[in-house]
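As a plain string of letters, each chain reads:
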Amino acid sequence: LLRVPVLLKMAALAQAAQLRTAAPLSNLRGDLVVASYNLLAPCFVRPVDARTGTIQEFAAFKWCDDAVLEWPRRRDALAQTLRQIPQDCDVICLQEVEFEKEGDKRVPPAWLTDALAGFEIIACKASILERNAKRNLRVVGKDVAVASAVAVAVGRGWSVAWTGEHNGTTEVLVGVEKDGVGHVAVASVHLDAGSEDKRVQLLGATLAAARARMGGGRNLRVIVAGDMNAEFKVGSALGAVVSPEDGDAADAIRECTVALRHSPDASELEAWAELRRIARFDIQKTLRSGLLGRVPTGATRCGYDHEVAGSTAMRAWSLDHLLYSPATLAPVARWATLEADAASLASGLPNASWPSDHLPVAAAFSV
(Lines give C-alpha, C1' and ligand atoms only; values in the text may rest on other atoms or scores of the structure.)
Protein backbone atom coordinates (compact mmCIF):
# COMPACT_ATOMS: atom_id res chain seq x y z
CA LEU A 1 0.00 0.00 0.00
CA LEU A 2 1.18 3.54 -0.72
CA ARG A 3 1.99 5.73 2.27
CA VAL A 4 -0.06 8.90 2.90
CA PRO A 5 2.82 11.29 1.94
CA VAL A 6 3.19 9.50 -1.40
CA LEU A 7 -0.54 9.74 -2.04
CA LEU A 8 -0.50 13.46 -1.18
CA LYS A 9 2.39 14.06 -3.56
CA MET A 10 0.66 12.16 -6.36
CA ALA A 11 -2.56 14.16 -5.82
CA ALA A 12 -0.64 17.46 -5.89
CA LEU A 13 1.16 16.52 -9.10
CA ALA A 14 -2.09 15.48 -10.77
CA GLN A 15 -3.75 18.75 -9.79
CA ALA A 16 -0.80 20.85 -11.03
CA ALA A 17 -0.88 19.04 -14.37
CA GLN A 18 -4.55 20.00 -14.85
CA LEU A 19 -4.02 23.66 -13.94
CA ARG A 20 -4.51 26.06 -16.83
CA THR A 21 -1.84 28.77 -17.22
CA ALA A 22 -2.78 32.13 -18.73
CA ALA A 23 -0.88 35.32 -19.51
CA PRO A 24 -0.49 37.80 -16.64
CA LEU A 25 -3.49 40.15 -16.19
CA SER A 26 -5.71 37.97 -18.40
CA ASN A 27 -9.10 36.47 -17.49
CA LEU A 28 -8.89 33.31 -15.42
CA ARG A 29 -12.57 32.40 -14.89
CA GLY A 30 -13.45 30.54 -11.72
CA ASP A 31 -15.75 30.58 -8.70
CA LEU A 32 -13.30 32.82 -6.81
CA VAL A 33 -10.39 34.66 -8.46
CA VAL A 34 -7.66 35.98 -6.15
CA ALA A 35 -4.66 38.10 -7.17
CA SER A 36 -1.69 39.33 -5.16
CA TYR A 37 0.71 42.20 -5.84
CA ASN A 38 3.57 43.79 -3.91
CA LEU A 39 3.50 47.41 -5.10
CA LEU A 40 7.03 48.38 -3.93
CA ALA A 41 6.35 51.36 -1.68
CA PRO A 42 8.18 54.48 -2.88
CA CYS A 43 9.76 55.03 0.55
CA PHE A 44 11.58 51.70 0.14
CA VAL A 45 13.29 52.67 -3.13
CA ARG A 46 16.93 53.53 -2.48
CA PRO A 47 16.37 54.87 1.06
CA VAL A 48 19.30 55.60 3.34
CA ASP A 49 18.82 53.33 6.36
CA ALA A 50 19.38 55.40 9.49
CA ARG A 51 20.61 52.29 11.29
CA THR A 52 23.54 51.80 8.90
CA GLY A 53 23.86 55.13 7.09
CA THR A 54 23.78 53.27 3.77
CA ILE A 55 21.31 51.98 1.19
CA GLN A 56 20.83 48.25 1.71
CA GLU A 57 21.76 46.09 -1.28
CA PHE A 58 18.27 44.67 -1.83
CA ALA A 59 16.84 48.22 -2.00
CA ALA A 60 19.55 49.75 -4.20
CA PHE A 61 18.16 48.46 -7.53
CA LYS A 62 21.55 48.91 -9.18
CA TRP A 63 20.31 47.25 -12.38
CA CYS A 64 17.61 49.92 -12.86
CA ASP A 65 17.84 53.23 -14.69
CA ASP A 66 16.81 56.18 -12.53
CA ALA A 67 13.89 56.90 -14.86
CA VAL A 68 12.38 53.46 -14.20
CA LEU A 69 12.30 54.17 -10.46
CA GLU A 70 10.89 57.70 -10.57
CA TRP A 71 7.72 57.67 -8.46
CA PRO A 72 5.37 59.63 -10.78
CA ARG A 73 6.17 57.21 -13.59
CA ARG A 74 5.87 54.13 -11.37
CA ARG A 75 2.65 55.42 -9.79
CA ASP A 76 0.98 55.86 -13.16
CA ALA A 77 2.24 52.48 -14.37
CA LEU A 78 1.02 50.75 -11.19
CA ALA A 79 -2.40 52.34 -11.63
CA GLN A 80 -2.50 51.18 -15.25
CA THR A 81 -1.50 47.64 -14.21
CA LEU A 82 -4.18 47.50 -11.53
CA ARG A 83 -6.81 48.75 -13.96
CA GLN A 84 -5.88 45.90 -16.30
CA ILE A 85 -6.68 43.29 -13.69
CA PRO A 86 -9.70 41.68 -15.32
CA GLN A 87 -13.28 42.17 -14.33
CA ASP A 88 -13.60 38.64 -13.00
CA CYS A 89 -11.00 39.25 -10.24
CA ASP A 90 -12.86 39.09 -6.93
CA VAL A 91 -10.11 39.78 -4.40
CA ILE A 92 -6.72 41.51 -4.69
CA CYS A 93 -4.18 41.05 -1.90
CA LEU A 94 -1.80 44.00 -1.77
CA GLN A 95 1.53 44.47 -0.02
CA GLU A 96 3.58 47.63 0.51
CA VAL A 97 0.71 50.05 0.15
CA GLU A 98 1.97 53.49 1.20
CA PHE A 99 -0.90 55.17 3.06
CA GLU A 100 -1.54 58.92 2.90
CA LYS A 101 -2.17 61.11 5.92
CA GLU A 102 -5.66 62.62 5.97
CA GLY A 103 -6.29 64.60 9.13
CA ASP A 104 -5.60 62.25 12.03
CA LYS A 105 -5.99 59.13 9.87
CA ARG A 106 -3.92 57.18 7.35
CA VAL A 107 -5.87 56.25 4.24
CA PRO A 108 -5.14 54.41 0.97
CA PRO A 109 -3.65 56.86 -1.56
CA ALA A 110 -6.01 58.51 -4.02
CA TRP A 111 -4.24 57.01 -7.04
CA LEU A 112 -4.90 53.51 -5.64
CA THR A 113 -8.57 54.06 -4.81
CA ASP A 114 -9.07 55.53 -8.29
CA ALA A 115 -7.34 52.54 -9.93
CA LEU A 116 -9.43 50.14 -7.86
CA ALA A 117 -12.76 51.88 -8.30
CA GLY A 118 -15.45 49.33 -7.48
CA PHE A 119 -13.29 47.62 -4.82
CA GLU A 120 -13.56 47.94 -1.04
CA ILE A 121 -10.06 48.26 0.45
CA ILE A 122 -9.53 46.78 3.93
CA ALA A 123 -6.44 47.43 6.06
CA CYS A 124 -5.48 47.47 9.74
CA LYS A 125 -6.48 50.04 12.38
CA ALA A 126 -5.36 53.65 12.09
CA SER A 127 -3.41 53.41 15.35
CA ILE A 128 -1.31 50.55 13.94
CA LEU A 129 -0.63 52.51 10.76
CA GLU A 130 0.43 55.50 12.88
CA ARG A 131 2.96 53.39 14.79
CA ASN A 132 4.32 52.08 11.51
CA ALA A 133 4.70 55.64 10.19
CA LYS A 134 6.75 56.57 13.25
CA ARG A 135 8.97 53.56 12.64
CA ASN A 136 9.51 54.50 9.01
CA LEU A 137 10.30 58.10 10.01
CA ARG A 138 12.95 56.77 12.37
CA VAL A 139 14.46 54.23 9.94
CA VAL A 140 14.13 55.73 6.44
CA GLY A 141 13.35 59.34 7.32
CA LYS A 142 9.82 59.37 5.86
CA ASP A 143 6.60 59.87 7.81
CA VAL A 144 4.56 57.32 5.87
CA ALA A 145 2.77 54.12 6.83
CA VAL A 146 3.36 51.03 4.69
CA ALA A 147 1.08 48.04 5.10
CA SER A 148 -0.74 45.16 3.48
CA ALA A 149 -4.38 45.41 2.40
CA VAL A 150 -7.16 43.35 0.84
CA ALA A 151 -9.36 44.79 -1.92
CA VAL A 152 -12.70 43.09 -2.54
CA ALA A 153 -14.76 43.73 -5.68
CA VAL A 154 -18.18 45.12 -4.81
CA GLY A 155 -21.28 43.94 -6.66
CA ARG A 156 -19.85 40.90 -8.42
CA GLY A 157 -21.29 38.25 -6.15
CA TRP A 158 -18.69 38.15 -3.36
CA SER A 159 -18.91 40.63 -0.48
CA VAL A 160 -17.05 41.36 2.76
CA ALA A 161 -18.56 39.32 5.60
CA TRP A 162 -16.07 40.18 8.35
CA THR A 163 -12.55 41.47 8.97
CA GLY A 164 -9.88 39.96 11.21
CA GLU A 165 -9.68 41.21 14.80
CA HIS A 166 -5.88 41.23 14.82
CA ASN A 167 -5.07 42.65 11.39
CA GLY A 168 -1.69 44.36 11.22
CA THR A 169 0.71 45.95 8.77
CA THR A 170 1.97 42.57 7.53
CA GLU A 171 -1.25 40.56 7.60
CA VAL A 172 -4.85 41.43 6.78
CA LEU A 173 -7.50 38.71 7.09
CA VAL A 174 -10.94 39.14 5.53
CA GLY A 175 -13.95 36.87 5.21
CA VAL A 176 -15.78 37.01 1.90
CA GLU A 177 -19.15 35.42 1.24
CA LYS A 178 -21.42 34.64 -1.67
CA ASP A 179 -25.03 33.52 -1.68
CA GLY A 180 -25.27 29.80 -2.10
CA VAL A 181 -21.52 29.31 -1.60
CA GLY A 182 -20.75 30.48 1.93
CA HIS A 183 -17.64 32.02 3.42
CA VAL A 184 -13.97 31.92 2.39
CA ALA A 185 -11.22 33.49 4.49
CA VAL A 186 -8.66 35.40 2.41
CA ALA A 187 -5.45 36.87 3.85
CA SER A 188 -2.87 39.22 2.39
CA VAL A 189 0.50 38.65 4.06
CA HIS A 190 3.99 40.07 3.82
CA LEU A 191 6.21 37.62 5.66
CA ASP A 192 9.48 38.59 7.32
CA ALA A 193 12.48 38.97 5.02
CA GLY A 194 15.07 37.82 7.52
CA SER A 195 13.65 35.08 9.75
CA GLU A 196 12.13 31.72 8.82
CA ASP A 197 10.94 31.39 12.41
CA LYS A 198 8.95 34.65 12.11
CA ARG A 199 7.58 33.58 8.71
CA VAL A 200 6.33 30.32 10.18
CA GLN A 201 4.81 32.11 13.17
CA LEU A 202 2.89 34.66 11.11
CA LEU A 203 1.58 32.09 8.64
CA GLY A 204 0.48 29.84 11.50
CA ALA A 205 -1.16 32.72 13.37
CA THR A 206 -3.04 33.81 10.23
CA LEU A 207 -4.44 30.34 9.65
CA ALA A 208 -5.32 29.95 13.33
CA ALA A 209 -7.17 33.29 13.22
CA ALA A 210 -9.13 32.13 10.17
CA ARG A 211 -10.12 28.92 11.91
CA ALA A 212 -11.04 30.75 15.14
CA ARG A 213 -13.32 33.06 13.14
CA MET A 214 -14.87 30.42 10.87
CA GLY A 215 -14.57 27.23 12.89
CA GLY A 216 -14.17 23.94 11.11
CA GLY A 217 -10.84 22.44 10.29
CA ARG A 218 -11.45 19.94 7.55
CA ASN A 219 -14.20 22.25 6.30
CA LEU A 220 -12.16 25.45 6.60
CA ARG A 221 -11.87 27.38 3.34
CA VAL A 222 -8.88 29.70 3.39
CA ILE A 223 -6.51 31.36 0.91
CA VAL A 224 -3.31 33.10 2.02
CA ALA A 225 -1.63 35.20 -0.67
CA GLY A 226 1.27 37.60 -0.73
CA ASP A 227 4.98 38.28 -0.70
CA MET A 228 6.28 35.51 1.54
CA ASN A 229 10.00 36.19 1.18
CA ALA A 230 10.61 32.45 0.84
CA GLU A 231 10.66 29.85 -1.92
CA PHE A 232 9.01 26.95 -0.03
CA LYS A 233 11.78 24.55 -1.04
CA VAL A 234 12.16 21.03 0.32
CA GLY A 235 14.36 21.25 3.40
CA SER A 236 12.89 24.54 4.60
CA ALA A 237 10.32 25.02 7.35
CA LEU A 238 7.82 26.64 5.00
CA GLY A 239 8.45 23.86 2.49
CA ALA A 240 7.28 21.46 5.19
CA VAL A 241 3.81 23.06 5.32
CA VAL A 242 3.06 22.49 1.62
CA SER A 243 4.87 19.23 0.86
CA PRO A 244 5.12 15.85 2.59
CA GLU A 245 8.68 15.49 1.26
CA ASP A 246 11.40 15.88 3.86
CA GLY A 247 14.35 15.68 1.49
CA ASP A 248 17.75 14.63 2.74
CA ALA A 249 20.44 16.13 4.98
CA ALA A 250 21.83 18.17 2.08
CA ASP A 251 18.42 19.83 1.55
CA ALA A 252 18.18 20.76 5.23
CA ILE A 253 21.73 22.14 5.33
CA ARG A 254 21.18 24.17 2.15
CA GLU A 255 17.94 25.76 3.33
CA CYS A 256 19.25 26.36 6.86
CA THR A 257 22.30 28.09 5.37
CA VAL A 258 20.08 30.30 3.22
CA ALA A 259 17.93 31.25 6.21
CA LEU A 260 20.80 31.92 8.64
CA ARG A 261 23.14 33.36 5.98
CA HIS A 262 26.02 31.34 7.35
CA SER A 263 26.98 27.67 7.58
CA PRO A 264 25.01 26.15 10.46
CA ASP A 265 26.59 24.16 13.28
CA ALA A 266 25.10 20.98 14.73
CA SER A 267 22.91 22.80 17.28
CA GLU A 268 21.53 25.14 14.61
CA LEU A 269 20.68 22.20 12.35
CA GLU A 270 18.90 20.53 15.26
CA ALA A 271 16.88 23.70 15.89
CA TRP A 272 16.12 23.87 12.16
CA ALA A 273 14.78 20.32 12.16
CA GLU A 274 12.57 21.17 15.14
CA LEU A 275 11.23 24.29 13.41
CA ARG A 276 10.30 22.20 10.37
CA ARG A 277 8.56 19.65 12.59
CA ILE A 278 6.59 22.31 14.48
CA ALA A 279 5.62 24.14 11.29
CA ARG A 280 4.17 21.01 9.71
CA PHE A 281 2.45 19.85 12.91
CA ASP A 282 0.78 23.22 13.50
CA ILE A 283 -0.62 23.36 9.94
CA GLN A 284 -1.94 19.82 10.20
CA LYS A 285 -3.52 20.65 13.56
CA THR A 286 -5.22 23.74 12.16
CA LEU A 287 -6.49 22.19 8.93
CA ARG A 288 -7.15 18.71 10.33
CA SER A 289 -6.80 17.44 6.78
CA GLY A 290 -3.14 17.44 5.85
CA LEU A 291 -0.98 20.25 4.53
CA LEU A 292 -1.58 23.50 2.68
CA GLY A 293 -1.74 23.54 -1.08
CA ARG A 294 0.43 25.95 -3.07
CA VAL A 295 -0.50 27.21 -6.52
CA PRO A 296 2.60 26.32 -8.61
CA THR A 297 3.64 29.86 -9.51
CA GLY A 298 7.25 30.40 -10.55
CA ALA A 299 9.76 33.21 -10.08
CA THR A 300 8.29 36.65 -9.31
CA ARG A 301 11.33 38.78 -8.40
CA CYS A 302 14.52 39.28 -10.42
CA GLY A 303 17.64 41.40 -9.93
CA TYR A 304 21.30 41.27 -9.00
CA ASP A 305 22.09 38.51 -6.56
CA HIS A 306 22.39 40.65 -3.40
CA GLU A 307 23.54 37.59 -1.43
CA VAL A 308 26.84 37.73 -3.36
CA ALA A 309 28.85 40.91 -2.73
CA GLY A 310 29.38 42.95 -5.88
CA SER A 311 27.49 40.52 -8.11
CA THR A 312 26.01 41.81 -11.36
CA ALA A 313 24.57 38.42 -12.29
CA MET A 314 20.79 38.31 -12.56
CA ARG A 315 18.96 35.94 -10.25
CA ALA A 316 15.27 35.14 -9.98
CA TRP A 317 13.38 34.21 -6.81
CA SER A 318 9.95 32.63 -6.27
CA LEU A 319 8.70 34.83 -3.42
CA ASP A 320 5.02 35.50 -4.14
CA HIS A 321 2.59 32.67 -3.46
CA LEU A 322 -1.04 31.65 -3.17
CA LEU A 323 -1.62 29.02 -0.48
CA TYR A 324 -4.98 27.35 0.09
CA SER A 325 -6.85 24.63 1.98
CA PRO A 326 -6.82 21.73 -0.53
CA ALA A 327 -9.64 19.78 1.11
CA THR A 328 -12.10 22.57 0.36
CA LEU A 329 -10.66 24.62 -2.53
CA ALA A 330 -9.07 23.67 -5.85
CA PRO A 331 -7.12 25.99 -8.19
CA VAL A 332 -8.19 25.68 -11.82
CA ALA A 333 -6.08 28.38 -13.50
CA ARG A 334 -3.20 30.77 -12.74
CA TRP A 335 -1.22 33.58 -14.30
CA ALA A 336 2.16 32.75 -15.75
CA THR A 337 5.16 34.22 -13.94
CA LEU A 338 8.71 35.08 -14.98
CA GLU A 339 9.22 31.75 -16.74
CA ALA A 340 7.16 33.34 -19.54
CA ASP A 341 8.99 36.70 -19.52
CA ALA A 342 12.53 36.34 -20.88
CA ALA A 343 12.96 40.12 -21.16
CA SER A 344 12.31 40.68 -17.46
CA LEU A 345 14.59 37.80 -16.52
CA ALA A 346 17.33 39.55 -18.48
CA SER A 347 16.68 43.13 -17.28
CA GLY A 348 15.38 42.56 -13.75
CA LEU A 349 12.43 44.20 -12.00
CA PRO A 350 11.24 46.96 -11.99
CA ASN A 351 11.56 47.68 -15.69
CA ALA A 352 9.73 49.55 -18.46
CA SER A 353 7.00 46.88 -18.54
CA TRP A 354 6.55 46.15 -14.83
CA PRO A 355 6.62 49.01 -12.27
CA SER A 356 7.29 46.92 -9.16
CA ASP A 357 10.14 44.65 -8.14
CA HIS A 358 7.57 41.84 -7.87
CA LEU A 359 5.36 40.35 -10.54
CA PRO A 360 1.64 40.03 -9.68
CA VAL A 361 0.28 36.51 -9.24
CA ALA A 362 -3.29 35.24 -9.44
CA ALA A 363 -5.32 32.05 -9.45
CA ALA A 364 -8.92 31.03 -10.03
CA PHE A 365 -10.39 28.58 -7.53
CA SER A 366 -13.24 26.13 -7.64
CA VAL A 367 -15.19 26.52 -4.38
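Preceding this section is the structure that the text describes.
Note that residues are indexed from 1 along each chain, following the sequence as it is written. pLDDT decides what is reported in this predicted model: residues at 70 or higher carry local features, side-chain atom pairs at 80 or more are listed and counted, and totals for whole chains, interfaces and linings draw on all residues regardless. Excluded from the side-chain calculations are hydrogens and water; all other atoms, namely the structure's heavy atoms, are used.

**Things to note about the sheet that holds strand 11 (residues 293–294)**
To summarise the sheet geometry, strands pair through backbone hydrogen bonds and adopt either a parallel or an antiparallel arrangement.
For step 1, the next point in the chain: The strand order across the open sheet formed by 6 strands is 7-8-9-10-14-11, and the pairing between neighbours is mixed. The strands lining the two open edges of the sheet, one partner per strand, are strand 7 (159–163) and strand 11.
For step 2, the next point in the chain: Strand pairing follows a simple DSSP-based rule, namely that at least 2 bridges must link the two strands. Numbering of helices and strands starts at the N terminus; helices are DSSP runs of H or I of at least 4 residues and strands are runs of E of at least 2. Sheet topology note: the strand 11/strand 14 (residues 320–324) ladder contains 2 bridges and is antiparallel. The residue bridging Arg 294 from the neighbouring strand is Leu 323, located in strand 14.

**Some remarks on the state of the cysteines**
For step 1, the next point in the chain: Two cysteine sulfur atoms form a disulfide, by the criterion used here, when they sit within 2.5 Å. Considering all chains together, one arrives at 0 disulfides under this definition.
For step 2, the next point in the chain: Of all cysteine sulfurs, the one in Cys 302 lies closest to Cys 64, which takes part in no disulfide; the gap is 10 Å.
For step 3, the next point in the chain: Whether a residue is buried, partly exposed or exposed follows from its accessible area with a 1.4 Å probe, protein chains only, as a fraction of its type maximum: under 20%, in between, or over 50%, in that order. Given the relative accessible area of 8%, Cys 64 is considered buried.

**Looking at the packing of helix 7 (residues 249–260) against helix 8 (residues 266–287)**
For step 1, the next point in the chain: Contact geometry of helix 7 with helix 8 gives a least axis separation of 10 Å together with a crossing angle of 100°. In terms of their interaxial angle, helix 7 and helix 8 are classed as roughly perpendicular. Across the interface between the two elements, Ala 252, Ile 253, Glu 255, Cys 256, Ala 259 and Leu 260 of helix 7 pack against Glu 268, Leu 269, Trp 272 and Arg 276 of helix 8. Axes, fitted as lines to C-alpha atoms, cover a helix only where it is in contact. Angles between the N-to-C directions of the axes lie from 0 to 180 degrees. Orientation categories follow fixed angle ranges, with anything under 35 degrees roughly parallel, anything over 145 roughly antiparallel, 65 to 115 roughly perpendicular, and all other angles oblique. Throughout, a residue-residue contact means that at least one pair of heavy atoms, one from each residue, lies within 4.5 Å.

In short, geometric facts, not functional conclusions.
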